[in-house]
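Per-entry structural report
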Amino acid sequence: MYQAIVIDDEKWVVKSLIATIRNQEYFEIVAELYDGLSGLEYIRTHQPDLAFVDVRLPGMGGLDILQTTHSEGLKTLFIMISGHAEFAYAQKAMFHNAIGYCLKPFSPSELMDSMQKAYLLLRQRREDGGTGAAEQDPEETAKQFRPRHLTSTHKSVQMMIDYAETHYQEDISIQNLAEHCSINANYASQIFRQEMGTTFISYLTSLRMDYATWLLTHTSQTVFAIAAQAGYSDYFYFAKVFKKAMGCTPTAFRKSALEADEPPGDVSPSSKCPP
């Protein structure tokens, strides 16, 4: 069994989590920590395989622990736990390669899904000789990608394009664009479609898929981390959108690209997805 720890300042939460996952066969809980600083020190010293970490902790918050261990290149995987269903927390956690974000009170199926992901990643890491996504900095990776730039003669539409090209990793909508351009949301949607021949959602999806396929061919980051970086907080929804757009799963896409051994460039279902 792999080793896991729990970091939460409320003892009843720790005991509840341990009781909820008692019957699983993936991980053994080897330590309980009740503040952020002692949790970080334990991870640095013992490097457990998995850490359940509360977002809000005394001394040092869970997201800060996640960011610190990530920047230090530590291999511990993280499942964040929180009593707050705040998208900003979840997005930041996934950006720094957390593999799950579970809300209190705990759902057994949600916890087990996240633990299964952790188990599969650890097993894959072992098979690959220990290489993993933690070796790459998502912020540096993002700077290397340049989305395809579109132009429009319509001032408001060009403003929407420029905004989308710099915010596609965020949770944006036509309402955000309308507010950015100081116009009505329905009008924004209408003029975008008239000028560009496609809906804004379709355009945003194409931006995100371009970035996701770039990450799949240029990095060894996990698909879970790539989903978050491409603007999707829900991995399973990302996988569904990716398959619809590209004709295969993200994993199959990456495998096909590596086997083809082609220089990454413009991608399409026919060029990179297996037949």
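Residues numbered from 1 in each chain as written. Predicted model: local features only at pLDDT ≥ 70, side-chain atom pairs only at ≥ 80, totals over all residues. Heavy atoms only, no water.

We now examine the side chain of aspartate 54. If you trace the backbone, aspartate 54 turns up in strand β3 (residues 50–54). Polar contacts involving the side chain of aspartate 54 include one to the side chain of lysine 104, which spans 3.2 Å. Setting aside chain neighbours within four positions, we find aspartate 54 in contact with Ile7, Asp8, Asp9, Gly62, Met80, Ile81, Ser82 and Lys104. (Helix = DSSP H or I, 4+ residues; strand = E, 2+ residues; numbered from the N terminus. Polar contact = N/O pair within 3.5 Å; in protein donor to acceptor, adjacent residues only side chain to side chain. Contact = heavy atoms within 4.5 Å.)

All right, on to the pattern of salt bridges then. With the rule as written, the count across this model stands at six salt bridges. With a shortest N-O distance of 2.6 Å, glutamate 72 and arginine 44 are connected by a salt bridge. Placement of glutamate 72 in the loop between α3 (62–71) and β4 (77–82) and of arginine 44 in helix α2 (residues 36–46) is noted, with a sequence separation of 28 residues between them. Judged by its relative accessible area of 39%, glutamate 72 falls in the partly exposed class. Residue arginine 44 is classed as partly exposed on the basis of its relative accessible area, which comes to 36%. With a shortest N-O distance of 2.5 Å, arginine 148 and aspartate 210 are connected by a salt bridge. Taken as a pair, arginine 148 in the loop between α6 (138–144) and α7 (155–167) and aspartate 210 in helix α10 (residues 200–218) lie far apart in primary sequence, 62 residues in all. For arginine 148, a relative accessible area of 48% translates into the label partly exposed. Salt bridges sharing partners connect three or more residues here, namely Asp8, Glu10, Asp54 and Lys104. (Salt bridge = Lys/Arg side-chain N within 4 Å of Asp/Glu carboxyl O. Buried < 20%, exposed > 50% of the residue type's maximum accessible area, 1.4 Å probe, protein only.)

Formed by 61 residues in total, the largest nonpolar core has its most connected members in Phe27, Leu50, Phe52, Met160, Phe200, Phe238 and Phe242. By residue number, the principal contributor to this core is α10, which donates 10 residues. Contact partners of phenylalanine 27, with chain neighbours within four places excluded, come to Met1, Tyr2, Gln3, Ala4, Asp49, Leu50, Met115, Ala118, Tyr119 and Leu122. Of all hydrophobic cores here, the second largest spans 22 residues; its members include Ile7, Leu63, Leu66 and Ala93. (Core = buried A, V, L, I, M, F, W, Y, C linked by side-chain atoms within 4.5 Å.)

Most of α3 is tucked away, with seven of its 10 residues classed as buried. All of the buried residues in α3 are Gly62, Leu63, Ile65, Leu66, Thr68, Thr69 and His70. Phi turns positive one or two residues past the end of α3, at glycine 73, with a value near 75°.

Relative to the elements of secondary structure, leucine 17 occurs in helix α1 (residues 11–20). Residues in contact with leucine 17, not counting those within four places in the same chain, are Val6, Phe52, Ile81 and Phe106.

Once that is clear, we can look at the confidence of the model for the protein chain. Per-residue pLDDT for the protein chain averages 84, and the proportion of residues at 70 or more is 85%. Within the protein chain, no element has a lower average pLDDT than helix α14 (residues 269–272), which sits at 49, and none a higher one than α2, at 97. pLDDT under 50 marks residues 130–135. Its contacts with residues more than four places away, or in other chains, come to 13 contacts. Confidence drops under pLDDT 50 across residues 262–271; counting only partners more than four residues distant or on other chains, this segment forms 17 contacts. (pLDDT = per-residue confidence, 0-100.)

On to the sheet that holds β3. Backbone-to-backbone hydrogen bonds pair the strands of a sheet. The strands run either parallel or antiparallel. One open sheet accounts for five strands, arranged β2-β1-β3-β4-β5; its pairing is parallel. With one partner strand each, in any of the chains shown, β2 (27–33) and β5 (100–103) form the two edges of the open sheet. Between one strand and the next, the sheet's axes are offset by a mean angle of 25°, whatever the strand orientation. In terms of strand pairing, strand β1 (residues 2–7) meets β2 through six bridges, oriented parallel. Directly across from tyrosine 2, in β2, lies its bridge partner phenylalanine 27. Contacts from α3 reach β3 and β4, with the element oriented near 170° to β4. (Pairing = 2+ DSSP bridges. Axes fitted to C-alpha atoms, helices over the stretch in contact; angles between N-to-C directions.)

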